[in-house]
2 protein chains.
Amino acid sequence: MAKKNAKKSKKKDAKRASDDSISSALRVTPGFQLSDLDPTATPAFSGKKQDAAEAMESTRAEIDDLQERLYAGGRDGDGPAILLVVQGMDTSGKGGIMRHVVGAVDPQGVKLHAFKAPTAEERRHPFLWRIRRELPEPGYIGVFDRSHYEDVLVVRVHDLVPPSTWGRRYGQINTFERSANDKGIHLIKVMLHISADEQKARLAERLERPDKYWKFNPGDIDEREHWDHYQEAYQAVLDKTSTDENPWYVVPADRKWYARLAVQQLLLDKLRELDPGWPDADFDVAEQKRRLAAT
Amino acid sequence: MAKKNAKKSKKKDAKRASDDSISSALRVTPGFQLSDLDPTATPAFSGKKQDAAEAMESTRAEIDDLQERLYAGGRDGDGPAILLVVQGMDTSGKGGIMRHVVGAVDPQGVKLHAFKAPTAEERRHPFLWRIRRELPEPGYIGVFDRSHYEDVLVVRVHDLVPPSTWGRRYGQINTFERSANDKGIHLIKVMLHISADEQKARLAERLERPDKYWKFNPGDIDEREHWDHYQEAYQAVLDKTSTDENPWYVVPADRKWYARLAVQQLLLDKLRELDPGWPDADFDVAEQKRRLAAT
């Protein structure tokens, strides 16, 4: 029995090591320059679109199992949680990640929140107030479609608050994320990185197809004028908030199929790292069997 | 062109009529007796488990398309919403519906809420207070795993409030649901109907498998003692709150695969009935194309 387990565990390790490479390749390390990363690249993956779809399909059962264990472990109000933060320029494919990666997870264990421009009430509070309220409970996979990082991205680009205010926020964010870690929340921070040309093509598609009009906003073109400024603001985010505890992963996203595979892999790696066990029974199993049999 | 559309529409109607039959067969009509319905039956479906899985798979693309239209239509803050209410005894398969039916829908357009025993704060408010807060916004598919009906089910069985209080709630619920209709919310009310024997088997399975312990609660056996009383309480719900506007559908649920197919079909029929169109552009498409080209 011990031998069998050892064998099983070795096999698992081998698989882990190979799959891990996408995560390693995308992890931001000191000196990383966004402008050096080709948005059409597919780091640590040599396959094509169809291979990526198959690779995603092949790990679905494992994600399912690990996610259910995570959820089960949260039942008594403690245990870890995961928070997937997804950022990226307009049309970078955040919606596709929600639909195809998050959508593959049991919805009972997911808390998805899309952050829009803050409401009047939210603006009356510190910028992290509305974020704290959406942190995942134990056992859950929280998903942020945009996040507190907007407060150093759009806010910085348009100087919506004084520079001294947004300048302080990087440190506040790092502190906030460490405090989330202390509550058992494990962050996966993802930036979907597209090229300006790809954005142009995707916006053009929204203007060509009546079933895509609803996704188009004339303001998207105004924002496009600030492309370089946004890239700078993203670079600052990566420089200042990619820490050992809460690193960023920059995902080349001109190929949607790669971005989806990569984010699914990041989620899988985090679940494997947590490797949650099934909770023990908090009742006497034999006694409950007797009680049930008597009904 | 007109001819082509007429043909297309006839074909669509034919398909609709045949698929509609599950919904028609499950809809509660005056005089319906829960005790007459065989929980192992598969009304209006002659296939087996594998056929049901294929039938579910075959309508997924249509649901996807209709759901995206529904969501798009909600973007400007009006347009319809759907609310799927799922009730049933412990182990009746509510979780499986969430996982396999709700889980097949784009999570961006779904708001799932599982109602637990009310908190201290919730108990200080009228019973519908916490329900109102979870009603879906335009464009969304809201999903209630348990609901306001618990306030005339567990509450009635255990007399958690005086009979005169729960007795008034049926009328309050009907009024509340009509007011939700007035806001554009279309309800689908589903009761998953299992037999006492099937419940016993499912509870026994939870006690056999360590990966199921976390789903077991010794209180489930206590509740089982009140089986007949619960069936009476469900019958009263069906008698008093299955209205023309907001009918109940009772789904035989001893066969999980049938229950999932049936609920998916109810959702699909409601989406077809709403048949949401893509919203018109609220901008000048040609002008935006010119602006984009200039970037």
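- By the naming in an unreviewed UniProt entry, chain A goes by Polyphosphate kinase-2-related domain-containing protein and is assigned to Flexivirga endophytica.

1. What about the sheet that holds strand β3 (residues 141-145) of chain B?
Residue and element names in this part refer to chain B.
Okay, so step 1: The 5 strands are arranged β2-β3-β1-β4-β5 in an open sheet whose pairing can be described as parallel. Looking at the sheet topology across the chains shown, the edges are occupied by β2 (110-114) and β5 (248-252). Across this sheet, the average inter-strand angle for adjacent strands is 20 degrees, counted without regard to direction.
Okay, so step 2: In this sheet, β3 lies alongside β2 in parallel orientation, the contact comprising 5 bridges. Bridging from a neighbouring strand, Val110 pairs with Ile141 of β3.
Okay, so step 3: Of the strands in this sheet, β1 (81-88), β4 (185-193) and β5 are in contact with helix α10 (residues 227-241), which crosses β5 at around 140 degrees.

2. Notes on the pattern of salt bridges
Okay, so step 1: Per the stated rule, a full pass over the model turns up 38 salt bridges over all chains.
Okay, so step 2: Across the pair A:Asp90 and A:Arg146 runs a salt bridge whose closest N-O atoms are separated by 3.0 Å. Remark: A:Arg146 occurs in the loop between β3 (141-145) and α7 (154-157) and A:Asp90 occurs in the loop between β1 (81-88) and α4 (94-100); sequence separation between them is 56 residues.
Okay, so step 3: Residue A:Asp211 is joined to A:Arg209 by a salt bridge in which the shortest nitrogen-to-oxygen separation is 2.8 Å.
Okay, so step 4: Judged by its relative accessible area of 22%, A:Asp211 falls in the partly exposed class.
Okay, so step 5: In this structure A:Arg209 comes out as partly exposed when scored by relative accessible area, which is 33%.
Okay, so step 6: Look at the salt bridges and you will find they share partners, linking A:Asp64, A:Glu68, A:Asp106, B:Arg99 and B:Lys215 into a network.

3. Remarks on the packing of helix α7 (residues 163-182) of chain B against α10(B)
All names here are of chain B.
Okay, so step 1: Between α7 and α10, whose axes approach to 10 Å, the crossing angle comes to 50 degrees. By the criterion of interaxial angle, the relationship of α7 to α10 is oblique. Note that α7 runs across α10; the crossing there is right-handed. Contacts between α7 and α10 involve Tyr170, Ile173 and Asn174 from the former and Ala236, Val237, Lys240 and Thr241 from the latter.
Okay, so step 2: When the residues that make up the contact of α7 with α10 are grouped by side-chain class, the tally is 4 nonpolar, 2 polar and 1 charged.

4. Observations regarding the relation of the copies chain B and chain A
Okay, so step 1: Under the fitted operation, chain B is carried onto chain A by 0.0 Å of movement along the axis and a turn of 180 degrees, and the coordinates agree to an RMSD of 0.0 Å. A rotation of that kind, with that shift, is consistent with a two-fold axis. Considering only C-alpha atoms, the part of chain B nearest the rotation axis is B:Gly103, at 3.4 Å.

5. Description of the packing of helix α2 (residues 49-58) of chain A against helix α12 (residues 256-274) of chain A
In a packed pair of helices, the relevant descriptors are the angle between the two axes and the axis-to-axis distance.
All names here are of chain A.
Okay, so step 1: Two elements in contact, α2 and α12, have axes separated by 9 Å at closest approach and are oriented at 25 degrees. With respect to α12, the axis of α2 lies roughly parallel. You can see that α2 and α12 cross each other, and the crossing is left-handed. Taken together, the residues of α12 that come into contact with α2 (itself represented by Lys49, Ala52, Ala55 and Met56) are Trp257, Arg260, Leu261 and Gln264.
Okay, so step 2: Grouping the amino acids of the contact of α2 with α12 by side-chain chemistry returns 5 nonpolar, 1 polar and 2 charged.

6. Some words on the sheet that holds strand β4 (residues 185-193) of chain A
All names here are of chain A.
Okay, so step 1: A sheet is described by the order of its strands in space; here 5 strands give the open sequence β2-β3-β1-β4-β5, paired in parallel fashion. Looking at which strands have only one partner, the edges of the open sheet turn out to be β2 (110-114) and β5 (248-252). Strand-to-strand twist of the sheet, defined as the mean angle between neighbouring strand axes without regard to direction, takes the value 20 degrees.
Okay, so step 2: For β4 and β5, the ladder comprises 5 bridges, and the chain directions are parallel. Residue pairing across strands places Met191 opposite Val250, the latter belonging to β5.
Okay, so step 3: Where α12 meets the sheet, it contacts β1, β3, β4 and β5, and its direction lies at approximately 165 degrees from that of β4.

7. Focus on the packing of aromatic side chains
Okay, so step 1: A full pass over the atoms with the stated rule returns 14 aromatic pairs over all chains.
Okay, so step 2: Arranged with centres 5.8 Å apart and planes meeting at 80 degrees, the rings of A:Trp214 and B:Tyr71 form a pair that is edge-to-face. Of the two residues, A:Trp214 is situated in the loop between α9 (196-208) and α10 (218-224) and B:Tyr71 in helix α2 (residues 49-73); the pairing between them involves two chains.
Okay, so step 3: Residue A:Trp214 is classed as buried on the basis of its relative accessible area of 13%.
Okay, so step 4: Relative to B:Trp248, the ring of B:Tyr149 has its centre 4.7 Å away and its plane inclined at 70 degrees; by these criteria the two rings are edge-to-face. Taken together, the residues span a long stretch of sequence, with B:Tyr149 in the loop between β3 and α6 (154-157) and B:Trp248 in strand β5 at a distance of 99 residues.

How each quantity is defined
- Residues numbered from 1 in each chain as written.
- Chains lettered and ligands numbered in written order.
- Predicted model: local features only at pLDDT ≥ 70, side-chain atom pairs only at ≥ 80, totals over all residues.
- Heavy atoms only, no water.
- Pairing = 2+ DSSP bridges.
- Helix = DSSP H or I, 4+ residues; strand = E, 2+ residues; numbered from the N terminus.
- Axes fitted to C-alpha atoms, helices over the stretch in contact; angles between N-to-C directions.
- Contact = heavy atoms within 4.5 Å.
- Salt bridge = Lys/Arg side-chain N within 4 Å of Asp/Glu carboxyl O.
- Buried < 20%, exposed > 50% of the residue type's maximum accessible area, 1.4 Å probe, protein only.
- Parallel < 35°, antiparallel > 145°, perpendicular 65-115°, else oblique.
- Left-handed = near helix turned anticlockwise from the far one by under 90°.
- Nonpolar A, V, L, I, M, F, W, Y, C, P; charged D, E, K, R; others polar.
- Least-squares fit on C-alpha atoms with pLDDT ≥ 70 in both.
- Phe/Tyr/Trp six-rings, centres within 6.5 Å; stacked < 30°, edge-to-face > 60°.

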